[in-house]
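Coordinate inspection notes
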Amino acid sequence: MKLDSRATKKTQKQEGAHYTPAGLAEFVAGHLAAVCEVPHPQVLDPAVGDGELLLAFGKAFERDCTLNGFDLDEVAVENAETRLRTELPGRSGEVLKQDFLDFALEHRENSLFSTPACYDVVIANPPYVRTQVMGAARSQRLAQQFDLGGRVDLSFAFIEGIADVLREGGVAGIIVSNRFMTTKAGSQVRERILSRFEILHVWDFGDTKLFEAAVLPAVLLVRKRHRVAQPNPRFTSIYSTAEPPVHHATTVYEALSNGSGTVAVSGTTFLVQHGLLHHGEDLNGTWRIATESGDAWLDTVLQHTFCTFGEIGKIRVGVKTTADKVFVRKDWNALPEEMRPELLRPLITHHAARRFKSLPADRQILYTHEDRAGKKAVIDLATHPRSRCYLESHRATLEARTYVIESGRQWYEIWVPQLPALWPVPKLVFPDISESPTFWMSLDGEVINGDCYWLAAEDRTDSDLLWLALAVGNSRFIESFYDHAFNNKLYAGRRRFMTQYVEKFPLPCPDLPVSREIVSLTRRIHELTPGAEADALAAMIDHLVESAFGLAEKALR
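Residues numbered from 1 in each chain as written. Predicted model: local features only at pLDDT ≥ 70, side-chain atom pairs only at ≥ 80, totals over all residues. Heavy atoms only, no water.

**Looking at the sheet that holds strand β14 (residues 315-317)**
Either a parallel or an antiparallel arrangement is found when strands of a sheet pair, and the pairing is made through backbone hydrogen bonds. Using the following cut-off: Criterion used throughout: strands pair if DSSP finds at least two bridges between them. A run of H or I in DSSP counts as a helix once it spans at least four residues, and a run of E counts as a strand once it spans at least two, with each numbered from the N terminus. As a rule, the C-alpha atoms of each element are fitted with a line to give its axis, helices using only the stretch in contact, and angles between N-to-C directions run from 0 to 180 degrees.
In space, the four strands of this open sheet follow the order β14-β24-β20-β22, with antiparallel pairing throughout. The open sheet has two edge strands with one neighbour each: β14 and β22 (440-442). Strand-to-strand twist of the sheet, defined as the mean angle between neighbouring strand axes without regard to direction, takes the value 35 degrees. Inspection of the sheet shows β14 paired to strand β24 (residues 452-455) by three bridges, in the antiparallel sense. Bridged to I315 within β24 is L455.

Okay, structure coming up:
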């Protein structure tokens with residue numbers, strides 16, 4: 001994540017360029033030097049930037065070492081070389097204008113013409129560039145070259161390349177975005193890391209804002225696999241918290257040297273946790289921090305779990321029109337009645353999000369699909385003259401979506417319409433991102449927008465599980481479960497409520513007396529929202545949900 005001081009913000013995003021802060025460079029270098037077992041190692045920074053990481057390692061390592069760096073930016077190469085020569089005048093090595101990935105391909109393991117690995121230490125802050133920024137062609141090329149699938153991030157290819165150029169028993173300190181630890185897109189790189197490296201320690205720096213960019217960093221300390229893997233790699237995390245501080249530190253790095261607990265750093269309180277890396281039974285499983293108290297809490301939850309949200313029904317994302325300016329408006333009523341489309345339906349977006357019961361829909365969508373004998377079908381414009389007239393007036397805009405036509409669809413279709421038959425049934429709805437859980441019940445047939453997810457129960461004859469899920473989803477309990485099971489927050493304490501997380505949310509047995517009480521209370525809260533009485537009843541939900549999961553007397557730290 002490197003940054004030339006002259007780079008534009010567009011260039012930064014395209015190249016993933018964000019230079020390493022000096023404090024973080026010293027942190028990584030110090031830990032890396034401590035585990036390096038080679039007396040005079042060959043060291044490489046594959047995306048050297050301004051040379052901060054190489055400098056930090058050269059100063060932290062107390063013996064001779066050869067410091068080498070690659071970068072595609074000629075100015076960065078010159079600057080790094082000058083800094084190394086000035087601050088470490090006796091060092092050996094060179095900084096070259098070189099594409100690391102091309103170099104790594106020459107050392108690719110299992111390649112017919114590969115050359116042996118040649119570095120003992122790699123210290124790296126790889127470019128963080130996602131598929132949609134790289135472009136499809138480059139992404140596909142990298143995927144083929146490094147045997148990667150799914151949404152390829154440039155840093156994934158760098159991690160593969162690092163494994164290729166590192167000698168057996170060599171060590172690496174790698175700064176990456178923490179997204180890969182918990183997302184589906186990161187499942188393959190998680191598997192590769194566990195297969196090719198022995199993990200020594202993982203640090204999740206969460207929302208400490210070490211970088212100007214909105215990237216939550218993590219540091220991996222790994223050894224090229226040449227021995228039986230450590231069964232329980234260490235895992236440390238630090239995230240901001242509203243809890244009062246117990247300790248004080250001058251820097252985030254100093255805060256990590258304390259035990260687990262809350263630490264105040266420059267006016268912000270962080271929760272530091274030290275534990276072990278847990279990834280389940282599979283190598284591509286989600287990474288989370290495991291602590292003795294936390295695992296005991298999760299075990300209690302598991303013992304009291306009847307089913308999960310995903311077992312009630314499939315979680316779906318909302319509709320995506322790919323032409324909202326045409327299909328979605330707040331001012332349809334401003335059109336003359338004879339020009340107003342017949343196919344308008346209320347649309348719920350994240351702007352209407354509210355716990356238990358959403359705000360009224362403030363916009364409508366011209367919805368181009370209907371249910372025919374249980375199957376989704378595009379409407380016939382001939383039977384909807386006003387809708388046809390309106391859509392024809394925007395035909396050029398809609399036909400510019402060439403991918404719609406090329407896929408064999410009608411030019412006027414919504415791109416992702418979801419299932420028309422499910423809009424009239426009760427649905428549990430929640431936004432993609434929120435600071436605290438915000439789930440509500442849709443009972444009025446609204447269409448759900450693509451910035452929200454929704455769940456309709458497969459069993460339409462009994463809605464109690466859906467109402468029980470509404471209570472659990474809005475509870476204090478689910479915040480604790482999310483943080484412990486998925487360990488994934490954004491800045492300012494916000495969480496991402498994606499399908500892969502919410503489908504694993506637990507539900508207690510619906511036949512328990514406390515569960516029946518929760519369902520009855522939740523229905524009443526929905527009826528009374530908004531209002532003070534609803535708020536008072538909602539305050540009772542937390543204790544009841546915890547009781548249903550056997551946690552009424554347990555406290556989680």
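Read on, since the account is not over.
**What to know about the side chain of T291**
For clarity, the cut-off: Here the term buried applies to any residue with accessible area under 20% of the maximum for its type, exposed to any over 50%, and partly exposed to those in between, with areas from a 1.4 Å probe on protein chains only. Note on contacts: a residue pair qualifies if any of its non-hydrogen atoms lie within 4.5 Å across the two residues.
With respect to the secondary-structure elements, T291 resides in the loop between β12 (288-290) and α11 (292-303). The class for T291 is buried, based on a relative accessible area of 14%. Ignoring any residue separated from it by four or fewer positions in sequence, one finds T291 in contact with Q273, H274, G275 and H484.

**Some remarks on the packing of helix α2 (residues 22-35) against helix α3 (residues 52-60)**
Using the following cut-off: The cut-offs work like this: below 35 degrees is roughly parallel, past 145 is roughly antiparallel, 65 to 115 is roughly perpendicular, and the gaps in between are oblique. By definition, turning the near helix anticlockwise from the far helix through less than a right angle yields a left-handed crossing, and turning it clockwise yields a right-handed one. Basically, the charged four are Asp, Glu, Lys and Arg, the nonpolar ten are Ala, Val, Leu, Ile, Met, Phe, Trp, Tyr, Cys and Pro, and anything else, Gly included, counts as polar.
The N-to-C vectors of α2 and α3 enclose an angle of 45 degrees; their axes lie 8 Å apart at closest approach. Taken together, the axis directions place α2 and α3 in an arrangement best described as oblique. The interaxial crossing formed by α2 with α3 has right-handed handedness. On α3, the residues touching A22, A25, E26, A29, G30, L32 and A33 of α2 are E52, L53, A56, F57 and A60. Taken together, the residues that form the contact of α2 with α3 break down as nine nonpolar, one polar and two charged.

**Thoughts on the environment of P245**
By the secondary structure assignment, P245 is in the loop between β8 (234-240) and β9 (247-249). The partly exposed category is assigned to P245, whose relative accessible area is 36%. Among all residues touching P245, those that are not within four sequence positions of it are T262, V263, A264 and T269.

**Describing the pattern of salt bridges**
Short version of the rule: Any carboxyl oxygen of Asp or Glu within 4 Å of a side-chain nitrogen of Lys or Arg constitutes a salt bridge here.
Enumeration over the complete set of coordinates arrives at 31 salt bridges. Across the pair R495 and D483 runs a salt bridge, and its minimum N-O distance is 2.9 Å. In this pair, R495 is assigned in strand β25 (residues 495-496) and D483 in helix α18 (residues 476-485), connecting sequence segments 12 residues apart. You can call D483 partly exposed: its relative accessible area is 23%. With its nearest N and O atoms 3.1 Å apart, the salt bridge here joins E527 to R524. Of the two residues, E527 and R524 both sit in helix α20 (residues 513-528), three residues apart, roughly one turn of that helix. Using a relative accessible area of 52% as the deciding quantity, one classes E527 as exposed. For R524, a relative accessible area of 38% gives the class partly exposed. In the salt-bridge network here, residues are joined through shared partners; they are R108, D147, E160, D164, R192 and R196.

**Re the pairing of strand β5 (residues 166-177)**
Taken across its 12 residues, β5 has 10 buried, putting it largely inside the fold. Inspection of the sheet shows strand β4 (residues 119-124) paired to β5 by five bridges, in the parallel sense. If you follow V121 over to β5, its bridge partner there is V171. Sheet topology places β5 next to strand β7 (residues 217-224); seven bridges connect them, and they run antiparallel. The residue bridging I174 from the neighbouring strand is L220, located in β7.

**Overview of the nonpolar core**
Where we set the bar: Nonpolar cores were defined as sets of buried Ala, Val, Leu, Ile, Met, Phe, Trp, Tyr and Cys residues, with membership established by side-chain atoms within 4.5 Å.
Membership of the largest hydrophobic core comes to 48 residues, with the highest contact counts inside it found for F309, F439, F477, F481 and F505. Apart from residues no more than four positions distant in its own chain, F309 is found in contact with L428, F439, L455, A469, V472, G473, V502, E503, F505, P506 and L507.

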